[in-house]
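# Remarks on the overall topology
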Amino acid sequence: MGTQSRLFGTDGIRGHANEEPLTPEMAVAFGRAVAAKFGKPGKPLVIGRDTRLSGPMLEQAVAAGAAAMGVNVMLAGVIPTPAVAFLTRYLDGCAGVVISASHNPFEDNGLKIFKSDGMKCDDALESEIEALMLGDTLLKHGVTGTKIGRIETWPNGAARYAELAVKAYGQGLDLHGIRVVVDAGHGAAYETTPLVLRALGAHVLTLNVDPNGTNINAKCGSTHPELIQKATTDFGAQIGLAHDGDADRLICCDETGSLLDGDEMLSVIGLDLLLRGKLAKKTLVATVMSNLGLDECFAAAGGKIIRAGVGDRYVLEQMLAHNLNVGGEQSGHVILRDHNTTGDGLVTALELLRIIKTSGQPLSKLRLGMKKYPQLLVNVKVRERIPLDQLPELTGIVKAIEKELGASGRILLRYSGTEPKIRLLVETRDESLLQPTADRILALINKHLG
């Protein structure tokens, strides 16, 4: 297969389906490598996927690779990413594999791994798996005869997972009298989220729950929240929920149709837990992109924020390091460790519904705990990624501006983890300063990197 640069990006292996690195041949190698690294006698490899046309092709290839190494495989079918983390633990699996490219268009796909404890792999583990995939040692270690792994289907996976989720996450939650809009984006949660909400008594209006293999995320779901905004007010719902393709995150709107991002959802959930004494160490993990308004509302309530790098795995690393139970990102990945080991759009939605129900307050009022600072985010294509510490003129202006802003604003400059872009975030209490501040930095970005 030839050596190539790192296969694993910030969230597994991603790419165009049936092109390097996401060919069936590479998926077989991936299945072999995961089986070699994690396989244990009698413990299945659990595989779940979203609704993409290429999903079954890659699923069969990964399963074949694992079976060739003597590992049994349990195909859970179309289920959300967090459901794979849950089922890997529930079915006592050796590991879990998700076949999904999240919010990307249907032509893309991806492979990611959960360990037996439902946690994602760290960089070192991914490097080991990559070395196994790209080497040829495993080709000599296949099994024969009765030792070949069995590939079985977990029947009615979506419905069975929904039943388990109601028991695991819906304890004491009665949603009778609550109206909810769900836009599943023709993705992995098109059955599970509506099933769970209805089982708990909610009156649910569903949008985009007819996947055909090519319509996942197509002008719908979390990247097109205007659909839930309109439907929520038309339907008279208390909340509108929009999933991405694999439903590990959530974008929602309140009953007036006004959107909440991940920071605002974190503030509603975090402040509620803080007031009830259920927030571990009175501390929440957010990312370097999160709004300063989150720090301010938490400080005022007697809590504090720890900031992690961008990416839910880095949020989780900080949560584990400090033994905390709540963290998340602006993008809508919220991790509630009391319930699951990864970002979970369904769990986040149920927690918001629980707060709406128990407080008797509408979401439009609950969200007022946090006052957002105006933010401007600019993405600029770059010729090459020159380390920022080698660009003293650029870093110098950033430092100078940060000094001017003091406590009433901040600048964040970083390269994208997945694209040839640099991201500039400017945040100020005074909105009129955003663009002029950004322009001063952008002039130097274009000079050195454009």
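Scroll up for the structure.
Procedures and definitions
Residues numbered from 1 in each chain as written. Predicted model: local features only at pLDDT ≥ 70, side-chain atom pairs only at ≥ 80, totals over all residues. Heavy atoms only, no water. Helix = DSSP H or I, 4+ residues; strand = E, 2+ residues; numbered from the N terminus. Polar contact = N/O pair within 3.5 Å; in protein donor to acceptor, adjacent residues only side chain to side chain. Salt bridge = Lys/Arg side-chain N within 4 Å of Asp/Glu carboxyl O. Buried < 20%, exposed > 50% of the residue type's maximum accessible area, 1.4 Å probe, protein only. Phe/Tyr/Trp six-rings, centres within 6.5 Å; stacked < 30°, edge-to-face > 60°. Pairing = 2+ DSSP bridges. Right-handed = clockwise from strand over helix to strand, strands pointing away. Contact = heavy atoms within 4.5 Å. Axes fitted to C-alpha atoms, helices over the stretch in contact; angles between N-to-C directions. 1 Å grid on protein atoms, 1.4 Å probe; cavity = no way out; pocket = protein on both sides within 12 Å on 5 of 7 lines; lining within 4 Å. Points joined across faces, edges and corners; volume = space filled by probe spheres on them. Nonpolar A, V, L, I, M, F, W, Y, C, P; charged D, E, K, R; others polar. Parallel < 35°, antiparallel > 145°, perpendicular 65-115°, else oblique.

## Remarks on the side chain of Ser102
With respect to the helices and strands, Ser102 occurs in the loop between β5 (95-99) and β6 (108-115). Polar contacts involving the side chain of Ser102 include one to the side chain of Asp244, which spans 3.0 Å.

## Thoughts on the pattern of salt bridges
If charged atoms from side chains of opposite charge come close, those side chains can pair. In this structure the tally under the stated criterion is 28 salt bridges. Residue Asp11 pairs with Lys120 through a salt bridge whose shortest N-O separation is 3.2 Å. With Asp11 in the loop between β1 (8-9) and β2 (12-16) and Lys120 in the loop between β6 and α4 (123-134), the pair connects residues that are 109 residues apart, well separated along the chain. A relative accessible area of 18% places Asp11 in the buried class. Residues joined by salt bridges that share partners form a network here, namely Asp11, Arg14, Lys112, Lys120, Asp246, Asp248 and Asp312.

## Focus: the packing of aromatic side chains
With the rule as written, the count across this model stands at three aromatic pairs. Aromatic pair Phe86 and Tyr169: ring centres 5.8 Å apart, planes at 70 degrees, arrangement edge-to-face. With Phe86 in helix α3 (residues 81-90) and Tyr169 in helix α5 (residues 157-169), the pair connects residues that are 83 residues apart, well separated along the chain. Given the relative accessible area of 11%, Phe86 is considered buried.

## Brief notes about the pairing of strand β9 (residues 203-207)
Taken together, the five bridges between strand β8 (residues 179-183) and β9 define a ladder with parallel strand orientation. Bridging from a neighbouring strand, Asp183 pairs with Leu207 of β9. For the segment spanning β8, helix α6 (residues 192-199) and β9, crossover handedness is right-handed.

## Notes on the environment of Thr206
In this structure, Thr206 sits in strand β9. When its relative accessible area of 26% is taken as the criterion, Thr206 is described as partly exposed. Residues Thr206 and Thr192, spaced 14 residues apart in sequence, show a C-alpha to C-alpha distance of 12 Å. Other than its neighbours up to four places away in sequence, Thr206 contacts Val182, Pro194 and Arg198.

## Quick word on the side chain of Asp244
Along the chain, Asp244 falls in the loop between β10 (239-243) and β11 (250-253). A residue is classified by how much of its surface remains accessible, and Asp244, at 0% relative accessible area, is buried. A polar atom in the side chain of Asp244 sits 3.4 Å from the backbone nitrogen of Asp248. For Asp244, the residues in contact, after removing those within four places along its chain, are Ser102, His103, Asn217, Ser222 and Arg249.

## Let's talk about α3
Summarising burial for α3: eight of the ten residues are buried, a large majority. Regarding α3, the residues found buried are Thr81, Pro82, Ala83, Val84, Ala85, Phe86, Leu87 and Thr88. Here the buried face of α3 lies against β3 (45-49), β4 (73-78), β5, β6 and α5.

## Considerations on the sheet that holds β10
Pairing is mixed across the open sheet formed by five strands, whose spatial order is β9-β8-β10-β11-β12. Each edge of the sheet is formed by a strand with only one pairing partner; in this case those strands are β9 and β12 (259-260). The strands touched by helix α7 (residues 226-235) within the sheet are β8, β9, β10, β11 and β12, with β8 carrying the most contacts at an inclination of about 155 degrees. Most of the contacts of helix α11 (residues 345-359) go to β10, to which it runs at about 170 degrees, and overall it touches β8, β10 and β11.

## Structural notes on empty space enclosed by the protein
Counted according to the given criterion, the structure contains two cavities of 30 Å³ or more. Here the largest cavity is characterised by a volume of approximately 70 Å³. Lining the largest cavity are Thr10, Asp11, Gly12, Lys112, Ile113, Lys120, Cys121, Glu126 and Arg313. Looking at the lining of the largest cavity residue by residue, the classes come out as two nonpolar, two polar and five charged. The computed volume of the second largest cavity comes to approximately 40 Å³. If you go around the second largest cavity, the residues you meet are Pro80, Pro82, Tyr161, Ala189, Thr192, Thr193, His243, Ala247, Asp344 and Leu346.

## Considering the sheet that holds β4
If you walk across this open sheet you meet the seven strands as β1-β2-β6-β5-β3-β4-β7, and the pairing is mixed. On the outer flanks of this sheet lie β1 and β7 (151-153), each paired with one strand and no other. Of the strands in this sheet, β3, β4, β5 and β6 touch α3, which is tilted by about 165 degrees from β5.

## Points about the packing of α3 against α5
Packing of α3 against α5 leaves a shortest axis separation of 11 Å and a crossing angle of 85 degrees. The orientation of α3 relative to α5 falls into the category roughly perpendicular. Residues Ala83, Phe86, Leu87 and Tyr90 of α3 form the contact with α5, whose own contacting residues are Tyr161, Leu164, Ala168 and Tyr169. Here the contact of α3 with α5 is composed, by residue class, of eight nonpolar, no polar and no charged.

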